[in-house]
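Breakdown of the fold
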Amino acid sequence: MRRPGFFRIAALSAGLAIFTLLALINRVQADSLSLLTDLKYEVLNLETTQKADNAKETRERATFSQLYNLDIQKEIFPTLNLNFGSLFDQESSRTDRTASTTGDSESRSTAIRPFFDLQFSTALLRASTSYRKSELKESDSTAATERNFSEEYGAHLSWKPVALPELELDFTRTEIYDEPLTNEQRVDSYQLRSRYNYGFYRFTYNHTTTDAWSSAVTEDPLNPRNEGKNLNHYDSGSVRFNRTYHDGKVNVSSSLRASRQQANFSGDADRIAPTSAGGSLIGRANDPSPISSDPEDNFTLSSVDLLVDALPVEQPSFGLDFGTRTDVDRLFIYFDDLGDARSSDFSWQVYARDRDTDNWSQIAPVQDTTNLGEKRFELSFPSLSTRYIKIVTTQLAPPAVNSGEDLIPQRVEGWRTLPANTSEFTQTDWTTDLAVNWRHTDKTSTGYDFLYREQQTEPFDERKTQLSYGARISHEFNDIFLGNMRLQRSELRERDENPVISHIYSASLAARYLETFDQSLTYSFSHENDEDSQTSIANAVFLRSNLDLYQGWSLFLDNGYSWQNPGDGASSNTTFLRLGSNINPNRWLNTTFSYGVSWKEVTGEPSSQEQDGRLVVSIVPTRSISLTAELAFRDDSGATEDSTSEQRYSLNWSPFRDGTLLFTLGFGKYQDSEDEEITSLSPALRWQINRKTLLSLEYTRSEREDTEEIAKFENISLALRFFY
């Protein structure tokens, strides 16, 4: 690959011109200058003992890291601003081991990331150009020095006139290469976005072109390098209509959405394309029972951090709900910045299910790779057709990672692999929908919705259609009772197969007897005939009760019963109960309690029971002291025997009124039925010496024991931060 000479020269020329211009301005001074310095020294001691032969291994690692971040902003003209700076991050460590198979080692990683942004801004027009470079150098006494380079060039233009369509243009080029030269990657991305509001209509159009090229050295003498190119064009547009009639009693909304994607492949590039349905995000911040768990309400990826500072670690899950069965064999996890993290650092599991009443099935094997150019982890697995899919992994904690780091996913995408001889792949998708809401009286309202979707792919002649329509009614009987009912029918057809026809019915009755007591009763029913003419039936009854006993004391009780008769499996029924309470008698005390239990019976299998509970007590005796205790347990019996218990205690003390000095103390204990036990103690001191200097001292001591080994971990960290 030719080095980015033109772009590098252009960037340097632009930078030289800018600095020359600044030099000509009288009394050139930065309008904003910020400098951040982080110095950190960390000592880690780890001792492991094998129970089988009492063999011991000790490891001591001392790490010194230094980070300098300079950011300068300058207003050249009232409409022209310059932002430039650089980051220097270096970490040096020495590791001493007592094991006979390994020796002492030293390592150093250095990251340098210069950047500049030039921004032009007016009320009508905005434009910007940017350049960023990253150089990561890694050296180890046991391996050769490696260098990884990343360069990114960007340009942005937006035009926002009055009463005319808005336009936005973006260009990004990312180039990645290493030394010694083994892998190269270049990704060019062009984006055009437009929006326009006219009366009751809203028009949108988006176009994206991505041109990706990659080259890698192989061990095959006949084909020393693998080179491939992937060119993607994606167009999407929509028209939306929304209007009310009859003094706001009738609301009509409708939309037409269409998209087309074309992918061209050449060379040795992987033939992959996005799944036919994008999918909506699902997940749990902690998913200790991935086979039987359900997604959390209002889940966001911001609640998932793959790196934590102390044991015990949690097991988060996140994935996609495609809406209908969709072919998928790859999942991509995107990040803002990978840093030093690689996919091989983690353990990955993939689970799938077709209905929200089914248990999850694990998909294996799972292979992982790291794509530095796209800043993502890629997971591949055997192809399957499913509606729900999720990724389950385990957080990393010291000594596997240094404390103070984070790695939070930004988005998840589903992809599918095409045949190796595919040179062009085209996918079209269009959807139309209509929703009508009519408020007949102050107490009664009805609604109707309709949706039709059609998807086609070439050259495989795949065609999928979805038709669904339904009606709903809401009626307020009196000041106490409110009823809702909904009926929906959907039909999904693929090629010449029999259609999958489903009917869904639900009815609910909500009652507010008192200002402090309310209940809601819900019944749901679903009936589905699949493409093999098998019938699946599911029923569920759910009752929720909310009671405010006294001011500062609330109680809720959930109970329900469900029974399913799947067409391709054994019948089952589940009874569950959950009780929770919050007690806040004064501003010094807050107590939260919850307990849940469920009993499940499956034809031909032993009965199973799952229960879990949690108690959290927070005490704030003075403004400077707060204490928290958290107790939790989970127990599964029957087909799956598994149990865990966890204790966490924390103390926060700020002796000075201004809060410049903060002392924290944490203690935790974790046990499970697999004879694993983890205890940890972590005091810390944080001192804001002045408004520009922060000193932190942290100590962590933990012990982990399982059936095979005992590991004792000790970590001391001293950090000093200056910012200006």
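Residues numbered from 1 in each chain as written. Predicted model: local features only at pLDDT ≥ 70, side-chain atom pairs only at ≥ 80, totals over all residues. Heavy atoms only, no water.

1. Thoughts on the overall build of the chain
To keep it simple, the criterion reads: Only runs of H or I of at least four residues qualify as helices and only runs of E of at least two qualify as strands under DSSP, and these elements are numbered from the N terminus. Exposure classes here rest on a 1.4 Å probe applied to the protein chains alone. A residue is buried below 20% of its type maximum, exposed above 50%, and partly exposed in between. Whether two residues touch is decided by their heavy atoms; if any such pair falls within 4.5 Å, the residues are in contact. The Shrake-Rupley method, run with a 1.4 Å probe, gives the accessible areas here. Residue values count only the displayed protein chains as cover. Under the counting rule used here, the positive set is Lys and Arg, the negative set is Asp and Glu, and His together with the chain ends is not counted. One atom stands in for each charge, and that atom is NZ of Lys, CZ of Arg, CG of Asp or CD of Glu.
Looking only at helices and strands, one finds one helix and 36 strands in the chain. Seen through its principal axes, the chain has C-alpha atoms that stretch 75 × 65 × 60 Å. Sorting the 724 residues of the chain into buried and exposed places 34% on the buried side. Put simply, 57% of the contacts in the chain that link residues at least 6 apart link residues at least 24 apart. Accessible surface for the chain amounts to roughly 40100 Å². Of this, 53% is attributable to carbon and sulfur atoms. Charge separation in the chain, taken as the distance between the mean sites of 73 positive and 107 negative side-chain charges, equals 7 Å.

2. Remarks on the confidence of the model for the chain
For clarity, the threshold we go by: Scored from 0 to 100, pLDDT records how confident the predictor is in each individual residue.
Here the chain averages 87 in pLDDT, and 94% of its residues register 70 or above. For the chain, helix α1 (residues 5-24) is the element with the lowest average pLDDT, namely 42, and strand β15 (residues 348-353) is the one with the highest, namely 95. Low pLDDT, under 50, characterises residues 1-28; the predicted model gives this stretch 32 contacts beyond four residues in sequence or across chains.

3. What about empty space enclosed by the protein?
We apply this condition: Only protein atoms enter the 1 Å grid, on which a cavity is a set of points fitting a 1.4 Å probe that cannot get out and a pocket is an open set with protein on both sides within 12 Å along at least 5 of 7 lines, lining residues being those with an atom within 4 Å of a point. Grid points are joined across faces, edges and corners, and a volume is the space filled by probe spheres set on the points. Residue polarity follows a fixed list, in which Ala, Val, Leu, Ile, Met, Phe, Trp, Tyr, Cys and Pro are nonpolar, Asp, Glu, Lys and Arg are charged, and the others, Gly among them, are polar.
The final tally for this structure, using the stated rule, is two cavities of 30 Å³ or more. By volume, the largest cavity is sized at about 50 Å³. In terms of lining residues, the largest cavity is bounded by Ile282, Gly283, Arg284, Asp287, Ser293, Asp294, Pro295, Ser317, Trp360 and Lys390. For the lining of the largest cavity, the element with the highest residue contribution is strand β13 (residues 280-284), accounting for three residues. When the residues that make up the lining of the largest cavity are grouped by side-chain class, the tally is three nonpolar, three polar and four charged. Residue lining of the second largest cavity: Asp309, Pro398, Ser403, Glu698, Thr700, Asn715 and Ser717, and that is the complete set.

4. Some words on a negative patch on the surface
Rule in force here: Here, patches come from residues exposed beyond 30% relative accessible area and free of salt bridges, joined within 9 Å for like charges and within 5 Å for nonpolar side chains (Val, Leu, Ile, Met, Phe, Trp, Tyr). By salt bridge we mean one thing: a side-chain nitrogen of Lys or Arg within 4 Å of a carboxyl oxygen of Asp or Glu.
On the surface, a cluster of negative charge is contributed by Asp327, Glu458, Asp461, Glu494, Asp496, Glu497 and Asp532. Under the relative-accessibility criterion, Asp327 is labelled partly exposed at 32%.

5. A few points about the pattern of salt bridges
Applying the stated criterion across every chain yields a total of 41 salt bridges. With a shortest N-O distance of 3.5 Å, Arg489 and Glu491 are connected by a salt bridge. Three or more residues are tied together by salt bridges with common partners; here these are Glu166, Glu168, Asp170, Arg193 and Arg195.

6. Concerning the pairing of strand β32 (residues 642-653)
Inclusion rule: For two strands to count as paired, DSSP must find a minimum of two bridges between them.
Looking at chain direction, strand β31 (residues 625-637) and β32 are connected through 12 bridges and run antiparallel. Across the sheet, Ala629 pairs through a bridge with Tyr649, a residue of β32. When β32 meets strand β33 (residues 661-672), the two strands line up antiparallel, connected through 10 bridges. Among the inter-strand pairings, Trp653 is bridged to a residue of β33, identified as Phe663.

7. Structural notes on the environment of Leu662
Positionally, Leu662 belongs in strand β33. Note on Leu662: relative accessible area 26%, which makes it partly exposed.

8. Some details on the nonpolar core
Across soluble globular proteins, you tend to see nonpolar side chains buried next to one another. Condition: The definition of a nonpolar core used throughout is a set of buried Ala, Val, Leu, Ile, Met, Phe, Trp, Tyr and Cys residues joined through side-chain atoms within 4.5 Å.
Membership of the largest hydrophobic core comes to 30 residues, with the highest contact counts inside it found for Phe377 and Ile389. Elements represented by at least two residues in this core include exactly β14 (317-335), β15 and β18 (376-393). Per-element tally for this core: the top contributor is β14, with seven residues. Membership of the second largest hydrophobic core comes to eight residues, among which are Ile72, Ile76, Phe84 and Phe116.

9. Here we look at the packing of aromatic side chains
To be explicit about the condition: Stacked, tilted and edge-to-face pairs are distinguished by plane angle, under 30 degrees for stacked and over 60 for edge-to-face with tilted covering the rest, among Phe, Tyr and Trp rings (Trp via its six-membered ring) whose centres lie within 6.5 Å. In our convention, an over-ring charge means Lys NZ or Arg CZ found within 6 Å of a ring centre and within 35 degrees of that ring's normal.
A full pass over the atoms with the stated rule returns 25 aromatic pairs. On the numbers, 6.5 Å between centres and 55 degrees between planes, the contact of Tyr505 with Tyr523 is tilted. Of this pair, Tyr505 sits in strand β24 (residues 500-514) while Tyr523 sits in strand β25 (residues 517-529), placing them 18 residues apart in sequence. Each residue in the set Tyr196, Tyr198, Phe200, Tyr201, Phe203 and Phe241 is aromatic and connected to the rest through ring pairs, giving one cluster. One residue, Arg376, lies across the ring of Phe332, its end atom 4.0 Å from the ring centre.

10. A short note on the side chain of Asp433
Just so we agree on the cut-off: The definition of a polar contact used here is a pair of N or O atoms within 3.5 Å, where within protein one atom must be able to donate a hydrogen and the other to accept one, and adjacent residues in sequence count solely through side-chain atom pairs.
Here Asp433 lies in strand β20 (residues 424-439). Judged by relative accessible area, Asp433 falls into the buried class, the value being 18%. There is a polar contact of 2.6 Å between the side chain of Asp433 and the side chain of Ser255. Setting aside residues up to four positions removed in sequence, Asp433 forms contacts with Ser253, Ser254, Ser255, Arg257, Phe450 and Leu451.

11. Remarks on a nonpolar patch on the surface
Together, Phe120, Leu124, Leu125, Leu157, Trp159, Leu164, Leu167 and Leu169 make up an exposed nonpolar region whose accessible area comes to about 630 Å². Assignment of secondary structure puts Leu157 in strand β6 (residues 143-159).

12. Concerning the pairing of β14
Judged by how many residues are buried, β14 sits mostly within the fold: 17 of 19 residues are covered. Relative to β14, β13 is paired through five bridges, and the arrangement is antiparallel. Counted as the bridge partner of Ile282 is Gly319 from β14. Here β14 pairs with β18 via 13 bridges, running antiparallel. Opposite Phe318, over in β18, you have Ile391 as the bridge partner. As paired elements, β14 and strand β19 (residues 409-417) share six bridges and run antiparallel to each other. The residue of β19 that forms the bridge with Arg330 is Trp415.

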